[in-house]
Structures are given as structure tokens and as C-alpha cells.
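# Fold and geometry: a report
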Amino acid sequence: MSTEAEYQAHHFDEEREQVVSFVDKLKFFIITSVGFFSDGWLNGGFSYIVTMVGYTYWNGGSIPSLSQSLIKAGLSIGMIAGMVVFGFFGDAVGRHKVYGKELIFTLLGTLMIVLTPWNNFSEQSVISWMTVWRVVTGFGIGGDYPMSASMNSETKLGMSRAKLITTSFFIYQMGTLLFTIFFLIVIVGYKTKIEANLHNVTYVWRLLFGLGMIPGFASLYERLTMKETKPYEKYVSNSTGLTGDNVRTSKDGSKDFFEYFNFKTAVNRRHVLTLVSTALTWFFFDIAIYGFSLNNSNILALIGYGTGKTKYESLYNTAVGAIIITIFGIVGNFIGIFLPDILGRRMCLIGGCLICAVLYAIWAGVEKSASTGGLMAIFVVSSVFLQGGPNNMTFLVPIEVFPTRVRGTAHGISAAAGKCGALLTAFAFGYLSTNAGLAAAIGLCSGVMALATITSFGVPEVLGLTLDDIENDLQYLPKKERLAHIASRVDKRTAFASAPAQVEEKEI
């Protein structure tokens, strides 16, 4: 049996907590979750912001559909670039050298949207300004995905790897929920001013965006000064940086990537298949989820829940509907935190995609005949399954199935593929719902979730595997061998824990 030193050296990242005190655990969790909170606040609530921007600059009207799509797409364009760039450099030069820089872009882009010129600004200028700065915001938010996910996957906080990663990602939903709550509070607070002059709604959306920046500013310094993760130091390099001797560079990152992902051997080809599977699944999934999140206000109006006799009443009803949808999404997300360690990643991903495909097909079929209450019920139920299954899994799986040296890059590529889907749906969903009807747009979502179900079968299962196992490609073992390996490790761990401590004898 292994000595204690050998055992701990081999399993330090899974069996020993790297962050010990409760205060330090909470601090680490908050710092690594702020980016997801900002994404939920700034992105999940943006469809409501767009409505108010239309009231501000289009004299109480709405932004044209194509222009809305362009502004919404700006974030996805930025996120695609940020995910790949930060993911790659996080692998190449070290997490601690990159982490925090992405938050600077997020804060800068958001600030400039808040400062959108108030007067003498043409409609086209508004579209250009907001699109450009949404790209900058997206670059930062996108960079946070592979960086925060890598930090969480490589740090032990006293819970399973899956629970830590999905709990951190759960904060996205909390950001969206708090946005919708504050949206309602601010709308009610400005009721008199809005009814007196609709242009006063400009204070509402600027204030909401400004509030979303506070957590980011509060955590920026801590991110910039965070230490390197222990798994990175063990499996990749303990000499990281941008200058000096014996440090890693972008060339080292490229070498690691192409050594792992190529077509030279069957094993390497399996690596490529896994990356293609995670990327395509996220691509198809984001077509559906962003189709809804970017158009929630429009969907609520189309099903009869976000309308009213006055502009204020429409905003109020939309805010209430947004809270309802978000709460049910949070329920799904919360359940999804525990399912990966019970059912396994593959089952959660495949089953969740399939259920959503069926629910959307039903919704599209009854959209013309069902009541507003019935359509709202399908909306919230589908949100539960969407958030609890594929939303969590498309984020979790790419950060778990790849080794440390390519983890950030592979997660960034997978996430970027997802945002390509979001970019596509930013134009397609709005166009379809406007010109072909909501049923056609929902039918599209059903189809892409069916495709996501198929591509999910290429993902390996990592339930019960340690980071060290993943470094050695044990996720690709046949199921029987993989389970035997896990059982053997558990037996050794139990025997080690129950063995009496050895006392070193000293010569007299």
C-alpha cells in the first residue's frame, strides 16, 4: 500500500482541501462567481433594456427588429473572441497571469453603455454605440467562462467538483433574478415620472446597468492578485509568467493543444471527437436558450403576458412575467447542481436535451389554440428542464473531460461554438417570431435541441474520476473498467483512512 506521502502527492487535488477556512472558501467562491452574476444581470436582462432604449430614442416606439438583433448580437461576437483568447492564454501562461483582465473589459463596456449620449444622438448612432460597447462587454464576459470554470475545477472547497462548478454557474441565474426584481422595483419607483414623460425611462435602464457593475468593481483587485492553481503547477508548469527565464509562452500553449488534439492516433482522434461533441452540443443548445433569453419580453407580449393599456403597464407586466420565468429557471438550475453526481453527466445532458425538444414541439403545436395561462405554464416548465439539464451540463462537461494543459482552451472553444449559436439566434429567432409567428421560432428550438441530443452521445462520462484520472485519459475506458478503477480507488482510500497511524521508531 502507498505511504501517506505518496498517497497525498497523487491525490492532493481531490482528497485535500486547498482552501481551508470558511471565510476563504466564501471569498474564493464570490470572486470566481462575479463574472457569471454580471453575465446574468447584463445579458439575461438585456431584452428588457432594449424595450426601454426604444422608448428613449425612438420616441416611445421600439427599435426595429434587425437593429435589435444587431445590438443583441454584439455581446455574442465579443464573447466568442473572449472565450477563445482568455481560454488559450489561461492554459499557455497560467491562470493567475490572466485572471481579472477579463473583468476590466466587462466593466468598461458596461460603463460606456450607461454613458450612451442623452441628447442629439441619432437612432443609427445609438445602434452603433451600443453594439460596439456590447462587443467589448462580451469580450470580458466571454473570457470569464473558461477562466472562472478552470479556477473552480482546479480548487477544492469541500464539495464535489461538479457541485462547485455548477453552483458557481448558478449565480448567473441569481444575477438574472436580481435584475428582474430591481427592474420591477425601479419601474414602480419611477411610475409617476414615466407616466408624466415616457422619456424618463432612460433613468431606469441606466440605473439598472450601473447597479450591475458594483459586484465587478468590488472583486476586481482580488481577481488580479489571485494565486496559481495547484493542479496547473503540478500538471503543466510551476514556472508561469510573461517575462523571465524558464516561463511558458503562447508557443507552449499551442504545442500542448496540437499534441492533444490531432488525428495521428486513435486516442488523439477520440480527443477531437469529444471536443467536436462538446462544441456542437453547446452550439445547438445556445440557439434555443438565447432565443428565449434575448427575446423574453417579446415572447411574453406574444403570449399575452407582457402587454398593457399603457407603456407603464406593459413594462410592469413584463417585469412580473420575467420574475416568474426566472424563478422557475432557478429551480431548474438548483436541481441541476445535484443531478450530475447522481445520474452522471451524460444522462443529464442527453435526457435534458431530449425533454426540452419534446416540450418545445408541444408548445409549437398548441401555440395558436392554448390560453395565455397554458402557454405561460409550458414556458416555465420548459425553463426548469432547460436550466436544470443542458444549461448546467454544457458548461460543466467541457471543463471536466479535458486535462489541465488544454482545459481552458477546450472549454473556450466549446463555449465560443455556443455563442456562435447565440449569434445565429439573435437574428433568426426575432425574424421568425416577427415574420412567421412564434410557433415557427419555437419549432426551430425543438429541432436544434433534438440535434443537441444526438451530439451529446459523443461526450465521455467522468462521474467518480479525479483530475489525475482525467490527466491519464481514464474517462475513455470502457464503462466496466472505469467503474472498477473508481471502486478500487475508493477501497484504497477507505483502507488508508482506517489504518492506524505509523509511528517512526528511533534508535536509542
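Now for a look at the structure at hand. (Residues numbered from 1 in each chain as written. Predicted model: local features only at pLDDT ≥ 70, side-chain atom pairs only at ≥ 80, totals over all residues. Heavy atoms only, no water.)

### A word on the overall build of the chain
If you tally the helices and strands in the chain, you get 23 helices and zero strands. In the chain, which comprises 508 residues, the share counted as buried stands at 58%. Summarising the internal contacts of the chain: among those between residues at least 6 apart in sequence, 82% fall at separations of at least 24. When the accessible surface of the chain is totalled, it reaches about 20,800 Å², and 65% of it is carbon and sulfur. (Helix = DSSP H or I, 4+ residues; strand = E, 2+ residues; numbered from the N terminus. Buried < 20%, exposed > 50% of the residue type's maximum accessible area, 1.4 Å probe, protein only. Contact = heavy atoms within 4.5 Å. Areas by Shrake-Rupley, 256 points an atom, 1.4 Å probe, with all protein chains shown as cover.)

### Regarding the packing of helix 6 (residues 101-114) against helix 10 (residues 201-212)
At a closest axis distance of 9 Å, the pairing of helix 6 and helix 10 adopts a crossing angle of 165°. By the angle class used here, helix 6 and helix 10 are roughly antiparallel. Seen from above, helix 6 lies across helix 10 with left-handed handedness. Judged by residue contacts, T110, I113 and V114 of helix 6 engage W205, R206, F209 and G210 from helix 10. Taken together, the residues of the contact of helix 6 with helix 10 break down into four nonpolar, two polar and one charged. (Axes fitted to C-alpha atoms, helices over the stretch in contact; angles between N-to-C directions. Parallel < 35°, antiparallel > 145°, perpendicular 65-115°, else oblique. Left-handed = near helix turned anticlockwise from the far one by under 90°. Nonpolar A, V, L, I, M, F, W, Y, C, P; charged D, E, K, R; others polar.)

### Here's the deal with the packing of aromatic side chains
Within this structure, the stated rule accounts for 29 aromatic pairs. On the numbers, 5.8 Å between centres and 75° between planes, the contact of Y145 with F395 is edge-to-face. Pair noted here: Y145 is in helix 7 (residues 123-153) and F395 is in helix 19 (residues 372-400), with a separation of 250 residues, a long-range link. A relative accessible area of 3% places Y145 in the buried class. Their ring planes at 90° and their centres at 5.2 Å tell us that F257 and F258 sit as a pair that is edge-to-face. Given the relative accessible area of 14%, F257 is considered buried. Under the relative-accessibility criterion, F258 is labelled exposed at 56%. Taken together through their ring pairs, the aromatic side chains of F36, Y145, F169, Y172, W282 and F395 make up a single cluster. (Phe/Tyr/Trp six-rings, centres within 6.5 Å; stacked < 30°, edge-to-face > 60°.)

### Some details on the nonpolar core
Ranked by internal contacts, the top residues of the largest apolar core, which has 120 residues, are M52, Y145 and Y360. The residues contacting Y360, other than those within four sequence positions of it, are A288, F292, S382, L386, I442, C445, S446 and M449. (Core = buried A, V, L, I, M, F, W, Y, C linked by side-chain atoms within 4.5 Å.)

### A word on unusual backbone geometry
Non-glycine residue D473 carries a positive phi angle of around 65°. Secondary-structure assignment places D473 in the loop between helix 22 (467-471) and helix 23 (479-498).

### Some remarks on a nonpolar patch on the surface
A cluster of nonpolar side chains, contributed by I327, F328, V331, F334, I335, F338, I342, L343 and M347, occupies part of the molecular surface with about 830 Å² of accessible area. Looking at the nonpolar patch, the elements with two or more residues in it are helix 16 (311-338) and helix 17 (340-343). Counting residues per element, the nonpolar patch draws most heavily on helix 16, at six residues. Following the sequence through the fold, I342 ends up in helix 17. The exposed category is assigned to I342, whose relative accessible area is 60%. (Patch = residues over 30% accessible without salt bridge, like charges linked within 9 Å, V, L, I, M, F, W, Y side chains within 5 Å. Salt bridge = Lys/Arg side-chain N within 4 Å of Asp/Glu carboxyl O.)

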